[in-house]
Amino acid sequence: MRLTKHLEQNMASIHEALRDCGDIVEREFLVGGNGKLIMLYADNFVDLEALRESILETVMLDYQNDRPKGILEALLEEAIAVSEVKKVTTVAEICDAVFWGDTVLLMEGNDFALQATTKQFPNRGIGKAETEVVVQGPKDAFMEVMAFNIVLTRRRIRDPKLKLKRKKAGNRTRTDIALMYMEDLVRPEILETVEKQLDDMNVEGLLDSGSVEQLLERRQFSPFPQLQMTERPDKTASALLEGRVVLLADNTPYAILLPATLNTFFQAAEDYYERWEIVSFIRLIRYGAAFLAVTLPGLYIAFAVYHPQLMPTALALKVASTRGAIPFSVIGEVLIMELAFELLREAGIRLPSPVSSTIGIVGGIIIGSAAVEAGIVSPVVVIVAALTGICTFVIPNVSVVSGLRISKYLVIAMAAVFGLFGVWAALLLLLGHLSGLTSYGIPYLYPYCASSVNDDRDWEDSIFRLPPSKKKGRPIFARPIKNERREGE
């Protein structure tokens, strides 16, 4: 509803829209011979010092005399000393402004109101990264206030070509989303697609970047993420310099990076602060750990049940001797230990941090030892379950780990029915699924599959990482005419 020049009518509409909103403060002033002025703001959501010095003192002390033009026009052009003041003309805009932490001024005879920036968000301060910890490198992390996250990114890329567009999503939450990109590096078709998705996002509420991620993904039934999330400003800045698009949602300490490929999920922030030799070795270990995390329990079932002849004789006899008094089948043993490990993992996440590490370590040792002594599971199965769990912790992205954990049970099921053939069949199904995934037109397994003129550049930072002086190209995310890294860009 648009504002009129009648203050009482405007306030009636605002009162109806803000009915039973007890945290909204309404203050009335008599401004000389000019009539009544009303100020609206949300309690504990504004900077009271700025409100007092920039608005209250100005209105109450300096603007009590008649003026040739309206008070609101004079305040807009001359008096209010805050960073941003603008006109709003609808009740919906007034409600948005108040809930955003701004102050709104209305007056008789004006069919508009003034929105003055006075917001001061409650926040926990800039802390350390918790899920992407590094030994060497920056320690700061994003927080729940989007404005601060934008600053943390801007201070790392001081280039006017870093652009930012503000969007709102959620019919009720009206969540602010910042879309950031490098104007000369981003692919126009990707930027256009992302903007259209955000504009067409018709949901009741968005409370976290995880909800945004799921709504933007094309294959929502896949267990593997097609967008990347990070809590690190340095990783976000690096993604922007690669030509990727970044989404910062309010109320969440994570940024969304897109497009994403499987290769990007195996790259940790610390990879670029260490020497290239050790980084290449660690990345090779990560890929090997991912393979073991998916296949190790299935391979144990296949060898122990269907193909014991493929194991060394001494190992086969040892496995057989440890299983003599076990009341469950090999498949039952593996499922018991894998599910017990999943329970320990979830318990460690939900419990307070000082207790969680103790529960994870002590619980695993006690349960494993007790299960072996009670003759419920064999020692080999405990080793397999523990090694599988350790392999998942090596991978630096939690979302990919979740996909691998689900895929592991597919391999277990196929191995239980078809043995070693089932393991390879499950891996082929998994590989086929990954090959069919794309992220904004870029193959998920790139550069390990598909072909492109950009192939050589993308292999520079894949399983192995070349030294910085030898790494000349940008990855496939950047527009083709900007795939060379040159000084002065």
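Look up a bit, the structure's there.
What comes next is a walk through the structure. Note that this is a predicted model, so its numbers are computed, not measured.

Brief notes about a nonpolar patch on the surface
Here's step 1: Taken together, the side chains of Ile278, Phe281, Ile282, Ile285, Leu387, Ile390 and Val394 define a hydrophobic patch exposed on the protein surface, amounting to about 570 Å² of accessible area.
Here's step 2: Counting only elements with at least two residues in the nonpolar patch, the list comes to helix H10 (276-306) and helix H14 (379-394).
Here's step 3: The leading source of residues in the nonpolar patch is H10, at four residues.
Here's step 4: Counting through the fold element by element, Ile390 comes out in helix H14.

Describing unusual backbone geometry
Here's step 1: Here the bond from Leu258 into Pro259 is cis, since omega is -5°, no more than 30 degrees from zero.
Here's step 2: The residue Pro259 is located in the loop between strand E10 (255-258) and helix H9 (262-265) in this model.
Here's step 3: The omega torsion across Tyr446 and Pro447 is 5°, close enough to zero to call that bond cis.
Here's step 4: As for its placement among the helices and strands, Pro447 is situated in the loop between strand E12 (442-443) and helix H17 (455-459).
Here's step 5: A positive phi angle, close to 50°, is found at Arg174, a residue other than glycine.
Here's step 6: Judged by relative accessible area, Arg174 falls into the partly exposed class, the value being 35%.
Here's step 7: The backbone phi angle of Tyr440 is positive, close to 55°, even though this residue is not glycine.

Quick notes on the pattern of salt bridges
Here's step 1: Inspection of the entire model under this criterion finds 22 salt bridges.
Here's step 2: Between Asp200 and Lys196 there is a salt bridge, with its nearest N and O atoms 2.8 Å apart.
Here's step 3: Lys196 sits in the exposed class, given a relative accessible area of 54%.
Here's step 4: Look at the salt bridges and you will find they share partners, linking Glu338, Glu342, Arg345, Arg405 and Lys408 into a network.

Comments concerning the sheet that holds strand E1 (residues 24-30)
Here's step 1: An order of E1-E2-E4-E5-E3 is seen for the five strands of this open sheet, with the pairing classed as antiparallel. In the strand order of this sheet, the two ends are held by E1 and strand E3 (85-88), each with one partner. Each strand of the sheet is rotated relative to its neighbour by a mean of 25°, with strand direction disregarded.
Here's step 2: Of the pairings in the sheet, the one linking strand E4 (residues 103-107) to strand E5 (residues 113-116) comprises three bridges and is antiparallel in character. Bridge assignment links Val104 to a residue of E5, and that residue is Gln115.

Remarks on helix H6 (residues 188-199)
Here's step 1: For H6, spanning 12 residues, the distance from its first C-alpha to its last is 16 Å, which sits close to the expected 16 Å at 1.5 Å a residue.
Here's step 2: Three or more residues of H6 are buried, namely Ile190, Leu191, Val194, Glu195 and Leu198. Taken around the axis of H6, the buried residues stretch over an arc of 130°, which confines them to a single face. Facing away from the buried side of H6 by more than 90 degrees, the exposed set consists of Glu192, Lys196 and Asp199.
Here's step 3: Buried positions along H6 lie against strand E6 (162-169), strand E7 (175-182), helix H7 (209-216), strand E9 (245-249), E10 and E12.

Some thoughts on the packing of helix H12 (residues 330-350) against helix H15 (residues 398-418)
Here's step 1: At their nearest, the axes of H12 and H15 sit 11 Å apart, and the two run at 170° to each other. Considering their axes alone, H12 and H15 lie roughly antiparallel with respect to each other. Pair H12 / H15 crosses with left-handed handedness. Contact residues: Ile331, Val334, Leu335, Glu338, Leu339, Glu342, Arg345 and Glu346 in H12; Val401, Arg405, Lys408, Tyr409, Ile412 and Ala416 in H15.
Here's step 2: In the contact of H12 with H15, the residues fall into eight nonpolar, no polar and six charged.

What to know about the environment of Arg174
Here's step 1: Locating Arg174 in the fold gives a position in the loop between E6 and E7.
Here's step 2: Separated by 78 residues in the primary sequence, Arg174 and Asp96 place their C-alpha atoms 8.1 Å from one another.
Here's step 3: Those residues in contact with Arg174 that sit more than four places away from it in its chain are Asp96, Lys168 and Ala169.

Here is what the cut-offs are and how they apply
- Residues numbered from 1 in each chain as written.
- Predicted model: local features only at pLDDT ≥ 70, side-chain atom pairs only at ≥ 80, totals over all residues.
- Heavy atoms only, no water.
- Patch = residues over 30% accessible without salt bridge, like charges linked within 9 Å, V, L, I, M, F, W, Y side chains within 5 Å.
- Areas by Shrake-Rupley, 256 points an atom, 1.4 Å probe, with all protein chains shown as cover.
- Salt bridge = Lys/Arg side-chain N within 4 Å of Asp/Glu carboxyl O.
- Helix = DSSP H or I, 4+ residues; strand = E, 2+ residues; numbered from the N terminus.
- Buried < 20%, exposed > 50% of the residue type's maximum accessible area, 1.4 Å probe, protein only.
- Pairing = 2+ DSSP bridges.
- Axes fitted to C-alpha atoms, helices over the stretch in contact; angles between N-to-C directions.
- Expected span 1.5 Å × (residues − 1).
- Arc of directions from axis to C-beta.
- Contact = heavy atoms within 4.5 Å.
- Parallel < 35°, antiparallel > 145°, perpendicular 65-115°, else oblique.
- Left-handed = near helix turned anticlockwise from the far one by under 90°.
- Nonpolar A, V, L, I, M, F, W, Y, C, P; charged D, E, K, R; others polar.

Any functional reading would require information beyond the geometric quantities listed.
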